[in-house]
Structures are given as structure tokens and as C-alpha cells.
Amino acid sequence: MSLEEIYQEMARTFQRETGTALAGDGDMAVRLYAVAAQVYSLYVQADWVGRQCFPQTAQGEFLDRHAQLRGLERREAVAARGVLRFERESGSKTDLTIPSGTVCLTAGQLRFETEEDAVLPAGETAVEVRARALEPGAAGNAAAGTVRVMAVPPVGVNRCGNPEAFSGGLDREGDEALRARILETFQRMPNGANAAFYQQGAMSFPEVAAAVVIPRPRGIGTVDVVVSTAAGAPDSGLLAELTEYFRTRREIAVDVQVKAPEVKPVQVTATVTPRAGADRKAVLAAVENRLRAWFDGRLLGQNILRAKLGALIYGVDGVENYTITAPAADVTVDRTQLPRLESLSVTGTV
């Protein structure tokens, strides 16, 4: 009910009860309009409260509270990780120290810092160091060769770079993704013994992008939990953490093993026709970035469909048409396999 409708109803009631019609600019009309505004605000507030009462429509912190009632938490952002390469023109006569926390940047001011102390040995011209994005989130997933500037160059080091892409960055879980997980707990209620219990437990870790549960892989009383991260296969530290998590929560006498997925390489080759007037180089780069970003750990157990690849390409602004030559057919993936982009070639028509 709108504010105007509430006011008109009040005005009609006033006239019916008193026999006096309100003048549009009279004192009583102003008073009734002010009351109508307050009544309307109560309608708005009641509607808002009603939406927050149910997980299907709740938002923000109120959706978080629904999640807590189901034993879930919103997944926080995860920083992208990779390797930084530090170089000099010629070998030094002494070892050069590259301290932990050394910051390097892309042209777009994305910052990455080393996670450990490193040494460029005497006589060597380059060393690679593990690093992470300073700002968590998908924005830190930088393509190879884009990190080129050192904020404060270590003594004796001339340049930096990233020989491989930074990957694994995930944004903080949004309302719709969290809502889907909450509603799933009603559809597949975890009972401490079923697949939903193990899958939802694995997905409670922010680093985990996807999880698949295999019941009885080694006979009765065995469970395998296969997980992937946004960067692909999980490291040994995450696997150990998940193993301990399930060890304290599993059913009695059940053997639970947490495993990394089997990687299935996929080759993609596409020819793109940019739209007339579009920047050809920029369009091809955007298509390549879109495809590379799509191949992450969330594809665990999912088939690679040519139709989906085509939709990704055609969805890039400036694409007029495209042709996919590889894969020649849809790629079938087992539940425990993770498709990985082995090679990507995006060329433009002449």
C-alpha cells in the first residue's frame, strides 16, 4: 500500500465520520498526511522484517544468522597465491637477501608480497619466491607476466615478475551463494553419517571450492572426500587440516580419507571474430582471460561442454562470432576428476 493510498483512505474516513471534506493545504490535511507517512513506514518496516525472517529472502547479517542456525558460516575471501621471480642482470659476488614481505605490483596497482625470506645465491641471476596477493579476493588472480614493479627493490635486485599466474583467489561469499548452501541443508539434511554431512563439512573451509563424497570406495565403513581449491588441487596442509577435522567428527569405526582430485588436462583452441570497430587485441585478451578464469577448482566433477565454452566467449563484449576447434567434443569428467586448462590458444580472424 502506497503512502498516497493510505492518506486518501484516512481522508475519506475523516470525511465520512465528520461530514467535513479536507482542503488539500489545510492544517488537518497536513496532520493526516504526517500520520499517513508514519503508518506507511510501519508497512515498510513490517515488510522488511518479514523478508529477514526466512532464509529464502533474508539478506546480510540476518542471512548469516540463518546460516548459524544450520551450522554454517559465510566463507571469507581467500588471497590468490603464486610465485614471484626476482632477477638481476648478472650474478652477484655475494648472496642477496630478499626479505619476507617484499611487495611487487601490477600496472593496475594490485599488490603481492613474498611469504618467506629468500636468498639469491652468489653467481645466480634469478630466484623464485612464494607470494600471495595482499588483498584477498578474485581480483588477485593475476595473469602470468603482469607483476612487473617492485615497491621497494631489495638491494642488488633489478626486476621482478611472475612466470606463472597467481590463482586461488576467491571473493567473500555473497548472499545468493550462502542462501543456496542454507537451503541445501533442508533438502539434504546432514545427519553425521550421510554424504551431505561430509560435503557440507568440507565446504565450511573457505579454501575449498568444491567437494565430492565417495561412499564405500574401499568397502563398507569407508568414505573418501575429494576436494579442490580455486587454484586446483589442494596442498598437503589443507588435506591434513581436513583429515583432522573429519577424524574428530566422523562416525565410529569409519575410515575417512581426504584426497586431492585427479587432474584431467583440457586443451582449448578458439578463433574469434571481433565486432567491427572493437579493439581486436583487447577483445582477444578478454576472451583468453575469461576462459582461464573459468577453469578453476569449482569445476570438480563437471563435464566441459563446448556450449558452455561458446557462451563464455560470446559473452565477452566485442565478440561478433567464434569457432571452437578444440576440444572437438564435450569432455566427460569423472566425479573425482578436476578439469585443468593444459593449453589455450585464442586467435582472431583476419
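Residues numbered from 1 in each chain as written. Predicted model: local features only at pLDDT ≥ 70, side-chain atom pairs only at ≥ 80, totals over all residues. Heavy atoms only, no water.

**Q** Mind showing me how you'd approach the overall build of the protein here?
**A** Counting secondary structure elements, the protein contains eight helices and 14 strands. Seen along its three principal axes, the alpha-carbon backbone of the protein occupies a region of about 100 × 60 × 45 Å. Buried positions account for 37% of the 350 residues belonging to the protein. Of the contacts formed within the protein by residues at least 6 apart in sequence, a portion of 68% connects residues at least 24 apart. When the accessible surface of the protein is summed, it comes to about 19,400 Å², and 52% of that surface belongs to carbon and sulfur atoms. The distance from the centre of the 38 positive side-chain charges to the centre of the 43 negative ones in the protein is 3 Å. (Helix = DSSP H or I, 4+ residues; strand = E, 2+ residues; numbered from the N terminus. Buried < 20%, exposed > 50% of the residue type's maximum accessible area, 1.4 Å probe, protein only. Contact = heavy atoms within 4.5 Å. Areas by Shrake-Rupley, 256 points an atom, 1.4 Å probe, with all protein chains shown as cover. Lys, Arg positive; Asp, Glu negative; His and termini not counted. Charge placed at Lys NZ, Arg CZ, Asp CG, Glu CD.)

**Q** So what exactly am I meant to see when it comes to the environment of Val226 here?
**A** Positionally, Val226 belongs in strand 10 (residues 222-229). Here Val226 falls in the buried class, since its relative accessible area comes to 4%. Distance in space between the C-alpha atoms of Val226 and Ala285 is 33 Å, their sequence separation being 59 residues. For Val226, the residues in contact, after removing those within four places along its chain, are Ala210, Ala211, Val212, Lys259, Ala260, Pro261, Leu300 and Thr336.

**Q** Would you mind going over the nonpolar core with me for this structure?
**A** One broad rule of soluble globular proteins: the nonpolar side chains tend to lie buried together. Counting residues in hydrophobic clusters, the biggest one holds 29 residues, and the most contacted among them are Val287, Leu291 and Phe295. A total of five residues in this core trace back to one element, the largest contributor, which is helix 7 (residues 280-294). Apart from the residues within four sequence positions on either side, Val287 is in contact with Val272, Ile313, Val316, Val319 and Val346. Core analysis: the next-biggest nonpolar cluster, separate from the first, contains 19 residues, Ala80, Ile98, Val127 and Ala133 among them. (Core = buried A, V, L, I, M, F, W, Y, C linked by side-chain atoms within 4.5 Å.)

**Q** Quick question: what am I supposed to make of the confidence of the model for the protein here?
**A** Low-pLDDT stretches of the model should not have their predicted coordinates read in fine detail. For the protein, the average pLDDT comes to 90, and 99% of its residues sit at 70 or higher. For the protein, per-element mean pLDDT is lowest for helix 1 (residues 3-18), which scores 86, and highest for strand 4 (residues 111-114), which scores 96. (pLDDT = per-residue confidence, 0-100.)

**Q** How should I be thinking about the packing of helix 1 against helix 2 (residues 27-52) in this particular structure?
**A** Contact pair helix 1 / helix 2: the axes reach a minimum separation of 8 Å and the direction vectors enclose 130°. Classified by the interaxial angle, the pair formed by helix 1 and helix 2 is oblique. Handedness of the crossing formed by helix 1 with helix 2: right-handed. Touching Leu3, Glu4, Ile6, Tyr7, Met10, Ala11 and Phe14 of helix 1 are Met28, Ala29, Leu32, Tyr33, Val35, Ala36, Ala37, Val39, Tyr40 and Tyr43, all from helix 2. (Axes fitted to C-alpha atoms, helices over the stretch in contact; angles between N-to-C directions. Parallel < 35°, antiparallel > 145°, perpendicular 65-115°, else oblique. Left-handed = near helix turned anticlockwise from the far one by under 90°.)

**Q** For this particular structure, what's the right way to read the packing of aromatic side chains?
**A** To describe a pair of aromatic rings, you give the distance between the ring centres and the angle between the ring planes. Counted according to the given criterion, the structure contains nine aromatic pairs. Measuring from centroid to centroid gives 5.1 Å for Trp48 and Phe62, while their planes differ by 90°, and the two rings are edge-to-face. With Trp48 in helix 2 and Phe62 in helix 3 (residues 60-69), the pair connects residues that are 14 residues apart, well separated along the chain. Note on Trp48: relative accessible area 31%, which makes it partly exposed. Residue classification places Phe62 among the partly exposed residues on the basis of a relative accessible area of 24%. Ring plane angle 85° and centroid distance 5.2 Å describe the contact between Trp294 and Phe295, whose orientation is recorded as edge-to-face. Grouping residues by exposure puts Trp294 and Phe295 together as buried. An aromatic cluster is defined as three or more aromatic residues linked by ring pairs; in this entry it consists of Phe197, Tyr198, Phe205, Tyr245 and Phe246. Of note, Arg70 hangs over the ring of Phe186, and the distance from its end group to the ring centre comes to 3.9 Å. (Phe/Tyr/Trp six-rings, centres within 6.5 Å; stacked < 30°, edge-to-face > 60°. Lys NZ or Arg CZ within 6 Å of the ring centre and 35° of its normal.)

**Q** It is not clear to me how the pairing of strand 1 (residues 81-87) should be interpreted in this structure. Could you clarify?
**A** On a regular strand, each side chain points to the face opposite its neighbour's, so the side chains alternate between the two faces of the sheet. Inspection of the sheet shows strand 1 paired to strand 6 (residues 126-133) by seven bridges, in the antiparallel sense. Opposite Gly82, over in strand 6, you have Ala131 as the bridge partner. The pairing of strand 1 with strand 8 (residues 159-161) spans three bridges and is classified as antiparallel. Note on strand 8: the bridge partner recorded for Glu87 is Arg159. (Pairing = 2+ DSSP bridges.)

**Q** Can you help me understand the pairing of strand 10 in this one?
**A** Within strand 10, eight of the eight residues are buried, leaving the element largely enclosed by the surrounding structure. Where burial is concerned, the two faces of strand 10 agree: the one with Thr222, Asp224, Val226 and Ser228 and the one with Val223, Val225, Val227 and Thr229 are both buried. Where strand 9 (residues 208-215) lies against strand 10, seven bridges are found, and the strand directions are antiparallel. The residue bridging Val213 from the neighbouring strand is Val225, located in strand 10. The hairpin formed by strand 9 and strand 10 contains six residues between the paired strands, and Arg216 there has a positive phi angle of roughly 55°. Examined bridge by bridge, strand 10 and strand 11 (residues 255-259) share five bridges and lie parallel to one another. The residue of strand 11 that forms the bridge with Thr222 is Asp255. In this region the chain leaves strand 10, passes through helix 6 (residues 236-247) and returns to the parallel neighbour strand 11; the handedness of that crossover is right-handed. (Right-handed = clockwise from strand over helix to strand, strands pointing away.)

**Q** How should I be thinking about the environment of Glu89 in this particular structure?
**A** Tracing the chain through its elements places Glu89 in the loop between strand 1 and strand 2 (96-98). Separated by 36 residues in sequence, Glu89 and Thr125 have C-alpha atoms that sit 6.6 Å apart. When near neighbours in sequence (up to four residues on either side) are disregarded, Glu89 contacts Thr125, Asn158 and Arg159.

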